[in-house]
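Chain by chain, the residues:
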Amino acid sequence: MRAVRYAKFGDEAEVVEVDRPACPPRGAVVKVRATGLCRSDWHAWMGHDDTVSLPHVPGHEFAGEIIALGDEVSPDSGWQVGDRVTAPFISACGRCPECLSGNEQVCDQQQQPGFTYWGSFAEEVVVHEAELNLIRLPDALGFVEAASLGCRFATAYRAVVTRGRLQPGERIAVHGCGGVGLSAIMIAVAAGVETYGVDVSDAALAAVEKLGAIPVKGGEGAAQRVREISEGGVEVSIDAFGSPETSLASVRSLRKRGRHVQIGLMVGDAASAPMPMDAVIAGELELLGSHGMAAHEYPDMLWAVATEAFRPIELVGRTIRLEDVPKALAKMGTAGASGSGMTVVEL
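The paragraphs below set out a description of the structure included in this document. (Residues numbered from 1 in each chain as written. Predicted model: local features only at pLDDT ≥ 70, side-chain atom pairs only at ≥ 80, totals over all residues. Heavy atoms only, no water.)

A look at helix α4 (residues 143-163)
- Helix geometry: α4 is bent most strongly at G150, by close to 60 degrees.
- Across the 21 residues that make up α4, a large majority, 18, are buried.
- Phi turns positive one or two residues past the end of α4, at R165, with a value near 50 degrees. (Bend = angle between axes of the 7 residues up to and from the residue. Helix = DSSP H or I, 4+ residues; strand = E, 2+ residues; numbered from the N terminus. Buried < 20%, exposed > 50% of the residue type's maximum accessible area, 1.4 Å probe, protein only.)

Right, here's the structure in full:
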């Protein structure tokens, strides 16, 4: 089968022929029909994720059809070859304490396509623990739109709804308006709350305004601008980019008892970025992380998409072929990537 593979971190990937994946006893093999290109894929390609072994096939946001089920998948599970599916980017084990408490998104023994094993920039991809991790797609949901949900939209949904606990009448600021940031903005605007999108890119700010949110220029002084426009700060603020500057600006944008949610990955020295703990204590601020979304939480989001309460397809900027992935992957780290919309690969 064809797959995008790289042999060295930072070197241009290639489309090559590789062996088809074996189906795990409790897993499934999915024929990939569409798969999203995410900044997390760029981080892995750059060597920022120590779970990646070389050579490697990236990709973790996918939708497709089951073409094989493991021998240990129960006939009573309801899954069969031909079903249209997606899966979280966290393949949970189902047996660790976190999974048993319903928090599969932070599974102690998690596997991740495109990181801990070969991913979805290929004609086929494995889903481990199929009965736990497979998600059935509504008939009304196309493969491209479903792939756009896989990491960015699902992560944003949980960050806004579950971790951020956004309530009617509150205000929210989203710092970094790429794929996950614009997803968070779409969800917040649909909830009817006052929403601010903060970014240094004019294209991103135009996308923010198109979604019905208030654009705020990022960079130096961004937090002060949010506080001024919101007349004292927001109740919820999200760093959807992942840098010491955007994380600090997000926290500084909060009013007392506000909630900061960190979505954007922080790597290297940035992962130890200082926080204004004096303000955290004095204002009783909450600092929260958000890491994907468990499969059992998907139905509410999928229902909202199927009924067009949200339209994540509007966040897809372009579709490309598998052959276009190597160059598109390399460009993910360049300036101006925000605001151009999600890139989805159609196979």
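Next comes the rest of the description.
Quick notes on the nonpolar core
- Core analysis: the largest hydrophobic core is formed by 51 residues, its most contacted members being F153, I172, L182, I185, I238, M301 and F310.
- Going through the elements one at a time, α4, β8 (171-175), α5 (179-190), α6 (202-210), β11 (234-239), α10 (298-306) and β15 (342-346) are the ones with two or more residues in this core.
- Here the element with the most residues in this core is α4; it accounts for eleven residues.
- The contacts of F153, once residues within four sequence positions are left out, are S148, S183, M186, I187, M301, F310, P312 and L315.
- Y6, W42, V52 and F115 belong to the second-largest nonpolar core, a separate cluster that totals 17 residues. (Core = buried A, V, L, I, M, F, W, Y, C linked by side-chain atoms within 4.5 Å. Contact = heavy atoms within 4.5 Å.)

Quick look at the pattern of salt bridges
- One pass over the full model with this rule turns up 19 salt bridges.
- R136 is paired through a salt bridge with D83; the nearest N and O atoms lie 3.2 Å apart. In this pair, R136 is assigned in strand β7 (residues 135-136) and D83 in the loop between β4 (61-69) and β5 (84-86), connecting sequence segments 53 residues apart.
- For R255, the salt bridge goes to E235, with nearest N and O atoms at 3.6 Å. Within this pair, whereas R255 is found in strand β12 (residues 254-262), its partner E235 is found in strand β11, the two being separated by 20 residues in sequence. (Salt bridge = Lys/Arg side-chain N within 4 Å of Asp/Glu carboxyl O.)

A closer look at the packing of α4 against α5
- Where α4 meets α5, the closest approach of the two axes is 8 Å, and the angle between their N-to-C directions is 50 degrees. Overall, the two elements α4 and α5 adopt an arrangement that is oblique. Crossing angle aside, the handedness with which α4 passes α5 is right-handed. In this structure, α4 contributes R152, F153, T155, A156, Y157, V160 and V161 to the contact, and α5 contributes G179, V180, S183, A184, M186 and I187.
- Looking at side-chain class alone, the contact of α4 with α5 contains nine nonpolar, three polar and one charged residues. (Axes fitted to C-alpha atoms, helices over the stretch in contact; angles between N-to-C directions. Parallel < 35°, antiparallel > 145°, perpendicular 65-115°, else oblique. Left-handed = near helix turned anticlockwise from the far one by under 90°. Nonpolar A, V, L, I, M, F, W, Y, C, P; charged D, E, K, R; others polar.)

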